[in-house]
Every structure is written in C-alpha cells, then in structure tokens.
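Structure assessment
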Amino acid sequence: MTTADLIGKIFVVILGVAVFAAIIGLILFFVDRAPKRGRDYWQLAGFLLPTALLLGFGLIYPAIRTTTLAFANRAGEFIGLDNFVWAFTQPAGLISIRNSVIWVILVPLLSTAIGLAYAVFIDKARGERVYKSLVFMPMAISFVGAGVIWRFVYEYRGPNQDQIGLLNAVVTGLGGEPVRWLQEAPMNTFFLIVVMIWVQTGFAMVVLSAAIKGVPTEQIEAAELDGTNAWQRFTNVTIPSIRGSLVVVVTTISIATLKVFDIVRTMTAGNFETSVVANEMYTQAFRANEAGRGAALAVILFLMVLPIVIYNVNILRKQREIR
Amino acid sequence: MSSVAPADLPVAGGKGELELDVMREPKAARVKRRLTSRTATVVALVIAVLWTIPTFGLFISSFRPEPLIKTTGWWTIFENPGFTLENYQEVLFSASGSAPQLGSYFVNSLVIAIPATIFPLVLASMAAYAFAWIKFKGSAALFVLVFALQIVPLQMALIPLLQIFSATILPWQRQVNELIPILPDDSFLPVWIAHTVFALPLAIFLLHNFISEIPGEVIEAARVDGASHSQIFFRVVLPLALPAIASFAIFQFLWVWNDLLVALVFTDGTADTAPLTQRLAELVGSRGQEWQRLTAAAFVSLVVPLIVFFSLQRYFVRGLLAGSTKG
Amino acid sequence: MSSIRHRRWIVPIAAAATLGLTLTACTGDIAAEDAADTDCSDYEEYGTFDGEEVSVYGTIVEVEAERLEASWADFETCTGIDVTYQGTQEFETQVRVLVDGDNAPDLGIFPQPGLFATFADDLVAPPAEVEANVDEYWSEDWKGFGTVDGTFLGAPLMASVKGFIWYSPAMFEENGWEQPETLDDLMALTDEIASSGAVDKPWCAGFSSGEATGWPGTDWVEDMVLRLHGPEVYDQWTSHEIPFNDPQIVEAFDAAGDILKNEDYVNGGYGDVRSINDITFNEGGWTILDGQCALHHQASFYEGLWPEGTTVAEDGDIWAFITPGQEAGAADVTGGGEIVGAFTESEAVAAFQTYLSTPLWANNRVSEGGVISANSGVDPENLSSDLLREAYAILQDENTTFRFDGSDIMPGAVGSASFWAGIVDWISGTDTQTVVDQIEASWPQ
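To start, this report covers the structure provided alongside it. This structure is a prediction, so every number in the text was calculated from the model and none was measured.

Parameters and conventions
- Residues numbered from 1 in each chain as written.
- Chains lettered and ligands numbered in written order.
- Predicted model: local features only at pLDDT ≥ 70, side-chain atom pairs only at ≥ 80, totals over all residues.
- Heavy atoms only, no water.
- Helix = DSSP H or I, 4+ residues; strand = E, 2+ residues; numbered from the N terminus.
- Buried < 20%, exposed > 50% of the residue type's maximum accessible area, 1.4 Å probe, protein only.
- Contact = heavy atoms within 4.5 Å.
- Areas by Shrake-Rupley, 256 points an atom, 1.4 Å probe, with all protein chains shown as cover.
- Disulfide = S-S within 2.5 Å.
- Phe/Tyr/Trp six-rings, centres within 6.5 Å; stacked < 30°, edge-to-face > 60°.
- Lys NZ or Arg CZ within 6 Å of the ring centre and 35° of its normal.
- Buried area = accessible area lost by both parts, 1.4 Å probe.
- Salt bridge = Lys/Arg side-chain N within 4 Å of Asp/Glu carboxyl O.
- Polar contact = N/O pair within 3.5 Å; in protein donor to acceptor, adjacent residues only side chain to side chain.
- Nonpolar A, V, L, I, M, F, W, Y, C, P; charged D, E, K, R; others polar.
- Pairing = 2+ DSSP bridges.
- Expected span 1.5 Å × (residues − 1).
- Axes fitted to C-alpha atoms, helices over the stretch in contact; angles between N-to-C directions.
- Parallel < 35°, antiparallel > 145°, perpendicular 65-115°, else oblique.
- Left-handed = near helix turned anticlockwise from the far one by under 90°.
- Patch = residues over 30% accessible without salt bridge, like charges linked within 9 Å, V, L, I, M, F, W, Y side chains within 5 Å.
- Lys, Arg positive; Asp, Glu negative; His and termini not counted.
- Charge placed at Lys NZ, Arg CZ, Asp CG, Glu CD.

So, on to the overall build of chain A. On a plain count of helices and strands, chain A comes out with 14 helices and 0 strands. Its helices and strands in sequence order give chain A the pattern α-α-α-α-α-α-α-α-α-α-α-α-α-α, from N to C terminus. Looking at chain A residue by residue over its 323 residues, the buried ones come to 56%. In chain A, 61% of the contacts between residues at least 6 apart in sequence involve partners at least 24 apart. Carbon and sulfur atoms provide 67% of the accessible area of chain A, an area that totals close to 13,600 Å².

The next point concerns the state of the cysteines. In protein chemistry, a disulfide is the covalent bond that joins the sulfur atoms of two cysteines. Residue and element names in this part refer to chain C. According to the stated counting rule, one finds 2 disulfides over all chains in the structure shown. Linked covalently through their sulfurs, Cys-40 and Cys-78 form a disulfide whose S-S length is 1.9 Å. When the S-S torsion is -85°, as for the bridge of Cys-40 with Cys-78, the disulfide is left-handed. Taken as a pair, Cys-40 in the loop between helix 1 (2–25) and strand 1 (53–58) and Cys-78 in helix 3 (residues 73–79) lie far apart in primary sequence, 38 residues in all. Since its relative accessible area comes to 13%, Cys-78 is described here as buried. Across a sulfur-sulfur distance of 2.0 Å, Cys-204 and Cys-293 are joined as a disulfide pair. Across the S-S bond of Cys-204 and Cys-293 the torsion is about -75°, and the bridge reads as left-handed. You can see Cys-204 sitting in the loop between strand 8 (201–203) and helix 10 (215–238) and its partner Cys-293 sitting in strand 9 (residues 293–298), a full 89 residues away along the chain. In chain C, the bonded cysteines, taken in the order they occur along the sequence, pair up as 1-2, 3-4.

Below, the discussion takes up the packing of aromatic side chains. Taken as a whole and assessed by the stated rule, the structure comprises 71 aromatic pairs over all chains. Measuring from centroid to centroid gives 5.7 Å for Phe-172 of chain C and Trp-177 of chain C, while their planes differ by 90°, and the two rings are edge-to-face. Judged by relative accessible area, which is 4%, Phe-172 of chain C ranks as buried. On the basis of relative accessibility, which here comes to 5%, the residue Trp-177 of chain C falls in the buried class. Through a chain of ring-to-ring contacts, three or more aromatic side chains come together here, namely Phe-136 and Phe-203 of chain A together with Phe-248, Phe-251, Trp-255, Phe-309 and Phe-310 of chain B. Positioned above the aromatic ring of Phe-29 of chain A is the side chain of Arg-33 of chain A, whose terminal nitrogen or guanidinium carbon lies 4.1 Å from the ring centre.

Contact with chain B, which involves 124 residues of that partner, is made by 112 residues of chain A. Summing the contributions of chain B and of chain A, the shared interface buries around 10,700 Å²; its carbon and sulfur component is 75%. Taken together, chain B and chain A are joined by 0 salt bridges. Where chain B packs against chain A, one counts 7 residue pairs in polar contact (both at pLDDT 80 or more). In terms of residue count, helix 5 (residues 102–133) of chain B provides more of the side of chain B that touches chain A than any other element does, 17 residues in total. A class-by-class count of the residues in the side of chain B that touches chain A yields 86 nonpolar, 29 polar and 9 charged.

Along a regular strand, successive side chains alternate from one face of the sheet to the other. Residue and element names in this part refer to chain C. Among the 11 residues of strand 11 (residues 332–342), 11 are classified as buried, and the element is accordingly described as predominantly covered. Where burial is concerned, the two faces of strand 11 agree: the one with Asp-332, Thr-334, Gly-336, Glu-338, Val-340 and Ala-342 and the one with Val-333, Gly-335, Gly-337, Ile-339 and Gly-341 are both buried. Taken together, the 4 bridges between strand 3 (residues 107–110) and strand 11 define a ladder with antiparallel strand orientation. Counterpart to Leu-107 in the pairing with strand 11 is Ala-342. Sheet analysis places strand 6 (residues 154–161) next to strand 11, joined by 6 bridges and oriented antiparallel. Looking across to strand 11, one finds that Ala-155 is bridged to Val-340. The pairing of strand 11 with strand 12 (residues 401–404) spans 4 bridges and is parallel. Paired with Gly-335 across the strands is Phe-404, a residue of strand 12.

Another aspect to go through is the pattern of salt bridges. Tallied over the full model, the rule gives 20 salt bridges over all chains. Ionic pairing is found between Arg-157 of chain A and Glu-155 of chain A, a salt bridge with its closest N-O pair at 3.4 Å. Taking the relative accessible area as the measure of exposure, Arg-157 of chain A reaches 7% and is therefore buried. On the basis of relative accessible area, Glu-155 of chain A is assigned to the buried category, the value being 11%. The partner of Asp-141 of chain C in a salt bridge is Arg-403 of chain C, and the shortest N-O contact between them spans 4.0 Å. Within this pair, whereas Asp-141 of chain C is found in helix 7 (residues 140–145), its partner Arg-403 of chain C is found in strand 12, the two being separated by 262 residues in sequence. Assessed through its relative accessible area of 15%, Arg-403 of chain C is described here as buried. Residues joined in a network through salt bridges with shared partners are Asp-123, Lys-124, Glu-128, Lys-132 and Lys-213 of chain A.

A word on helix 6 (residues 143–154) of chain A. Under the 1.5 Å per step criterion, the end-to-end length of helix 6 of chain A is 16 Å for 12 residues, consistent within 8% with the ideal 16 Å. Counting buried positions over the 12 residues of helix 6 of chain A gives 9, a clear majority of the element.

Residue and element names in this part refer to chain C. Strand order across the open sheet formed by 4 strands is 8-9-7-10, with mixed pairing between neighbours. Of all strands in the sheet, those bounded by a partner on one side alone are strand 8 and strand 10 (319–322). Geometrically, the sheet is characterised by an average inter-axis angle of 25° between neighbouring strands, direction not taken into account. Set on the sheet, helix 9 (residues 183–196) makes contact with strand 7 (164–167), strand 8, strand 9 and strand 10; between it and strand 8 the angle comes to about 155°. Each of strand 7 and strand 10 is contacted by helix 14 (residues 386–396), which is oriented at about 10° to strand 10, the strand it contacts most.

Turning next to the packing of helix 2 (residues 39–69) of chain A against helix 5 of chain B. Packing of helix 2 of chain A against helix 5 of chain B brings their axes to within 9 Å, and their N-to-C directions diverge by 125°. Comparing their axes, helix 5 of chain B and helix 2 of chain A come out oblique. Our pair here, helix 2 of chain A against helix 5 of chain B, has a crossing hand that is left-handed. Contacts between helix 2 of chain A and helix 5 of chain B pair Leu-44, Gly-46, Phe-47, Leu-48, Pro-50, Thr-51 and Leu-54 of chain A from the former with Leu-123, Met-126, Ala-127, Tyr-129, Ala-130 and Phe-131 of chain B from the latter.

The linkage connecting Ala-185 of chain A with the following residue, Pro-186 of chain A, adopts the cis geometry, with an omega of 0°. Its location among the elements puts Pro-186 of chain A in the loop between helix 7 (166–173) and helix 8 (187–213). The omega angle of the peptide bond from Val-266 of chain C to Asn-267 of chain C is 15°, so this bond is cis rather than trans. Its place among the elements puts Asn-267 of chain C in the loop between helix 11 (247–260) and strand 9. Phi is positive for His-240 of chain C, close to 65°, though the residue is something other than glycine. You can see His-240 of chain C is positioned in the loop between helix 10 and helix 11.

Together, Asp-39, Asp-42, Glu-44, Glu-45, Asp-74 and Glu-129 of chain C give the surface a local cluster of negative charge. Note that Asp-42 of chain C resides in the loop between helix 1 and strand 1.

Turning our attention to the packing of helix 4 (residues 91–122) of chain A against helix 11 (residues 243–259) of chain A. Residues and elements named next belong to chain A. For the pair helix 4 and helix 11, the least separation of the axes is 9 Å and the interaxial angle reads 140°. Classified by the interaxial angle, the pair formed by helix 4 and helix 11 is oblique. For the pair helix 4 and helix 11, the sense of crossing is right-handed. Contact residues: Ser-100, Trp-103, Val-104, Val-107, Pro-108, Ser-111, Thr-112 and Leu-116 in helix 4; Leu-246, Val-249, Val-250, Ile-253, Ser-254, Thr-257 and Leu-258 in helix 11.

Limitation: the analysis is restricted to geometry and does not speak to function.
Right, dumping it as structure tokens:
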C-alpha cells in the first residue's frame, strides 16, 4: 500500500459519509418544505423511504425468493413439500432441528441470568469498569478467534500424552481419564452452547447493568425502609423496573442464537450430532449445492422465530395502549 | 423554536415518570459501595475469572513457539518455558505477498467499519422515530415486519443483493471514476450498503424501544411550538437518544469489524478492499494446518474493538437501548 | 456540553487512526518491477496488452499462493496483463455466490471436477490453443476432468498423487521390514509390526480438518475401491451407476476398516481408534518421527507438512511408497488436481488461460517448489524433490491407471458433505452398512 492509497482511502471514507449526510440532509430539508397538503405523508416518506428501499431490496426480496426456492428442486421445478419432508426425515435435518431448540432455550436463559447476576453483583462496586470489561471482552473477539480460544479448553489428547486442553488437564490432574468433550453426543452440544453463552453474556451484562442503574434509588430506599431483604428488593423492585430491558436482551440473544453457525462450523463442523439448523442450511445451500434444501431449512428457522416475534408484538401492542 | 433545546427540557423537574431517571446522571445517592455481600463478591469474582481464563490462555499461547503450543498446555509455561514474538511477527509482517500488507487490511477494516456503523445508525434512528412518533395507518404492522426481518439469514440474502449491486452500483461507479479519475476505483460502496441492510432491523428494533420511551410531553411541547418532524428529530430526539445510539454503535462496530462472510462476498479479497478478518482467515493456511497463527492474530484484531469499547463505555452507564421501565 | 461530547467521539477514532497509521508505516511503498530486466522472448506469442486486468479466484492461499503468483510474474511483466489472484478457503461456497451474483471472476481454479461441472452453463469455452496444449501434454483421463458432457471447458493445472504410505527408512531397516508388494503383504506387514512391539501401534492417522473433517478417510476408501474392484467399478461408483451402498463399496470400506478400525493397529502415538477424528490431518503422521508409529497414508503434498527440519528422501527421515494393489506391480492410483475455467471472454483472459496450459507455465510453477503437474512437458529436473519426481513418474507412466479423487467428482451433497460426515461417524464406531446407507440416501435425486 502506498501513501497515495492511504490518502485515497481516507478520502473515500470522508466522501462516503459526506454524500450520505448530504442525501439525508436534502431529504429532510425538502420534506419540511413539502406542500401543506399531504405534508404528513411527505414527512413519513422522508423518514422511512430510504430504510424501506434498502430493506425491500436487501431482505424482503431475498426472503420471498428463498421461500419459493424451498419448494423447488435443483433444476428449479416445483416439488411441493419434498424439501421439508427431507428435513424432517433425514437424521441430519432432525438432529439439527432438535439442537437448535436446545440452543435457543439454553443460551438466552443462561447468558441473561448470568449477565444479570453479574451486573447486580458488580453494581457500584469498586473496579466495576474492569469487571465489566473482562466479561465484555468475548464480544469483541471474532468467531474464528473464539474457535481457537476454546480449542485450548476442549482439546483432547490421549491418556498417555500431555493434555493441551485446559478441561482435560483438570480432569487428568484429578486422576480422571481425558474426555472427548466435543465428540461425545449429546453432551458436546452443551459444550458448544457454553461458547455461545460465553460470548453473549457480555451483551446481556452491559445492557442490564445500564438498566439497573436506571432503577430509581428512591424506590430501592423505600423498600429498604420497609425492612425487605436484598433478594426481595431485587425481585420486587429491580426486576419489574428492568423488565423491558430483559425482554429486549432475551429477544436479541434468541435471534442471534438461532442464526449462529460460525461456532458450530469452526469447532465441530456439525459432526458428532452437533449441527444446528443455521449450519445445516449453510452446508446444504452452499457446500452441497442443494439450494432447495437450504431454503427449506431457512423457512423452518423463520418459523422457529415466529413465537418470539409474536411475543414481542403483544408487548408492543400493550405499550401503545398505555400511551 | 429554539426553546426546544435539550438543555432546558421541561421534564427534569420530577414529574415522577420513571424513565426520565434513566436519562439523568446518577445523583449523589449513588455513592460507591462495596459489593452487596460477600457471596456476591465471590460469585462475581468466579464469573470474571471463568470468563477470562480462555482468553488468557490464548494470550499466553500467542507468545509460545508453535511446537510448544501443539504439545504442551499453556499453563505449563513455567515448566516448558519458551517465549517468542514469532507468532506476532508472522501475523503482522508475514513475508507472504510482495510485502507485509497487514497495514492495508487494517485500514480497510476501518474504512469499512466506520461508515457501516454510521449509515445504519442514522437511518435506523430516523425509522425508529417515524415508527414511534409519526402516527400513520399500518405503523404497527410495518414495525412488526421490520422486526421479523431480523431472522432472514444473511447467507440467503447474499446472492440477490450481489445481483442488484452488479446491475446498478458497479456500472455507476465506473462512470463516476471516468468523470473523477482521482477516486480510487475500488469500491467500498457495496460492502457499506450490505452491512447497513443487515444491521437495520435490529437497530430499528432497539432504537425504537428507546425513542418511544421519550415522554410524549416533550414531543408535544415541541410540536406546539410549531416544530416540524425534522426539527423535532434533530433537536429533541437525537440528543436524548444519544446514549442509546452510542451503545448500539459499539455493537454495530464490533459486528462489522469481526465479520467475515459479508466481506468475502462484497469486497474483492485483495489488499485493496478486504478487511483484516479475511487476511487473518487466510493465515491459517490452505489446509488449516497453521491455526496457531491465529493466537496472535486474534489479539491483533482485538485491539480496535477494545479501544472503542473503553472510550464509549460511559454511554452504557447512562442508560441503554431499552431505557424502558414499563413492562 | 457538546464539546465534551465531541471529544468523547474523537478519542476512539483518533486512537484507531493512529494505530492504523502506525501499521501502515510498516508497509512502505513498493516500486513496480521493471520489464527491462525480464527476458520476454518466451512471451511474445501472447502479445501485449495495455494494463488489462485478469482476476483469478481459487482455494490456494499463503505460501502456495505466493508461488502461484511468482509463476506468472514474468508473464505479467512481458504482456502488460495485470493478474490479480484471490485465494480463499471459502472458495467452494463463494464462487457460487459470485457467479450467481453476476460478479464472477475472470478465471476460477477449481480443485474439484465435480464442482467444475456444475458451472458448465456459466463457463466460457477456452481458446483452441488451450485444447491443443491439453491434447499434446496431458492424458485423456486428465482432459476428461475438464470436459463436461463432451464439451472441453478447461485445462488441468497442478496435480497431486494420493495414496502414498509414509514410513521411516531407518526404522524399516532396523527391524528388517520390507516395502509391501501387494495389499496382502501390507496387512501381513501391519500384523508383523503390531506383534513386534517396536512401535506403539503400526498405523497413525488424523482426519480432523475443520469443516472438511473426515476427508483423509475418503481417500482411504477410494484407494480401496480402485485397488479391490478396478477402475470400472470406481467410475460406476463415482457416477452413481451403482449405489453408494453397493456390496463392493462396503467391501472397500471394510478393507480400510481392517486397519483404521482395529484398536491393535491404530492410532500409534495418539491413542485409540477414535483419536483419528481428533488429530489434525497435518499432524497425522508425525508420530513416525518419534518412533511411535510406522505407517501413515496421505497424498504427495504431505511432503510439505512434516515438521521443519525433516528430510524427505529415500535415505532420509521419511520416505513413502504408493499403496500397493492386489497383485504385485499393479498401477492404479488416485489423485487430485485443479481445473482452470474462464467466466469471461476477452483476449487477455484467453492469453492467460493459454499460458497456464503450456509446459512453460508448468515448469515455472514446479520450479517454485512443492507441487507437480500432470503436464508431460514438465522437466523432472525442475521438480523440487525426489518424492515429487517419484509422484511425477507415476503420473507419466503409461501403465498407470489414474482416477481422480472420488469425493471431488461426486455431487457436493455427497462429496463435500455426507461422505466426510459418514467417515467421521464410521470412525466414531458406526457400522459400515449404516454409514453407506446414509450416504446413499443423501445422494441428490
């Protein structure tokens, strides 16, 4: 890279941001000067249209295309529900669906619980920032990096060799036999889930910590005066006050969990009965060149998220009623 | 109109609305205390240690020579001493290619991540504002649709998006380049737009949670003063939502910085536009045999996200994403 | 208030920018190579182009990518064509995305004929010179890998020979072991080594390879199918004229299993049978060097994967012989290689594609070291090691029956998915019949 390239790239960033700012500025400027009649619609369009266009082309169109693909074979002919039948009859499909369900139950639950507990325990403590950074750090590591990190934890070596995996070193140190953590189904799925929890707890922790700090001190003090103990104050005052944040955290982590495939792909490649739907979808659509099967799995994934969406919609509706 | 500046919001006077406290700086009542109890201290310590050990092991390993990494545990560093900077040297200054090129990839990562953080944040705040404060028919339904779009798997959207780009942006870019020859002819536009598209649903969902919690009185007051939506957005909503926006900025930056999949498809894969992650993935070797190099690589790529986290961390404290106190 | 806020934003950006600049300082500005220093007489036939670009996409990365780029550096200097190579381990998935996204590279280097064939509709037929070169310098077998439904679409590039069995000559001599002439000899030798107690266990193996875990096992099975049942059955098997769970295939699995699934025979220095799935394929044979294992089955490229300082030679630390057939002197081998296909039509692309099919390129590339090509125009003197010369001799021997790695010919759903996964299950303890039945069920209709 030459210096000219570097300057060119800095210029590109500035230009890109400037053009973007100019477009947004112009949109809002003209929207404000729209004719009185129908100004509301102009304003609405100004705020929503850029997003709507991007989402329409970038996500809605692909989603529709995927859905139609799910009912077609490799040649593009309509084959009805065959791809779904495949997903629900082949061991590969069934196992991945089962595992995805386990993942989406355990990961949000545990990472939110641990993140919340941690946030409460370190709240207002000395060194809170350091504490937070330690648990947040996994979020800043790419999945490729996380794969290597956990290799040093789970790696298996024969009983006669030096263990290079921490977990097996502990086990053999205590006199046990080394265990193949990632090969013994069904426990290996749980060891992969641990990695995802390790990553997501940081997210839950920072969001919930902020929410806890938003709980009015007066309320907690009032409860304190009433003679409640710390646990009661936590369940009666803190939890209700941060319920909104809890829902957001659980929702976000659930969706991220259903979509994650990097962890499985880098650590077991879906072998040993550890595959999840997102990983199987990737394998079928790209490696196996079976776009239809991949699309069918994508649709199944979408259906798995529906309950989460519906739950959030209900909350949203309630909020609107309050207002 | 200027009366509606964030500094003199009429709401700070204790109207009793809970969510307002979220946005206020913690008051004197928040004195530093020790952890709530001894058990809490112990549990927090245990969690902190458990969460750090894996990364710490990687950190130690990154300074060990390859044969030792592959034959002995990192915790035996004192029994099997061996210290080397070779892993870092290989990653940073690897002789592969005609010159050490990590610098280019590093710059590319920044060139990709900065706009790809700004664009979705601005668009998402606008959309979130529209969903929260502009009343229109079908608002709820549309919002649910946006929310549900979060689940469209990235992999499924790659091909259609690339087709659209090939048909529109690339020819357009070529024309622009002919008009203004000083512009680099490598385009970051596709990768910016791709990241923006994929970030929008979650960003809108999270920011909407925050923006819709802004008390109606504040917005009403501005509206009575004759402010337009644009003015309210810029002068009331943006300043109030800044903590939430900054918090989301951290996450979005992290996601873009650590992304490999989008980069593989929308950059050209060379030092011209490809980000750090792509270069690091290559370092593993064509048959995955050099994975020990990633020990150092993981830390190199960790530096920037950590800087961002430390510098924006304060915004987390000031109330984040869902400042919601309603159930 | 607002100035404070600004500063908060500036700090991270400034810090990151500083870091970026510091790193950039390490890169330096590089001057382009001067055409005057290069002898261009060999390249005149390709003509000259004014700064035209040819983009090439492939699986080859790191050192091997550098050698590849070095092999056409002179071509670039002399013709003025700028070849940009991009290597990624995600090639198999990404190339489909790029082609379907109307953003295909000019040339793709495909490591699998099966994958190559799925792009038949997208590929541009190469210029006549390429086909002429292939006819002249390659065997019919090799031409066939670049031919889809009778249409020639691409020339082979490099090659590797699979099924070498690696051993330590010193260890063999010390114990009086001999290179086996037949498969039966091989089993007898295995038995002898196991009962001698000279090593931990006779064989060592490692199948772990990220998301491709299991592939070294497919090589074992393919070698057995070819050696036990011959090329006809092999072709029927890879083209699905006989089902994957045909009894002959089961027999081949079991023949490999006689070694791989026998606790007395594997996994020398590493533990039990299941440890095969834990050990990365590149470390698979390393315990031979520690005297804990005697035999390791892996392709010719394994030469480059031994730890630094290992000498690979007939009288060195490590040497190899090809997996024997049922009868002494049988010459059936499996192997791999790349096929070059073009996605765009232009004179520069055609010129470059032609160059890649010539002995000139092949010699340039093998001189860089580490690989062979099946191009008969290669001067064996240019090959970088004795083992590569041995492998090259096998490829050029008229008696050799060469078959491409079967998993690379089968459809992706089998060859790069269920076959790998099946091997992993098989090593984990699943019986052969269940495994082949599952793979058969995954074969696309």
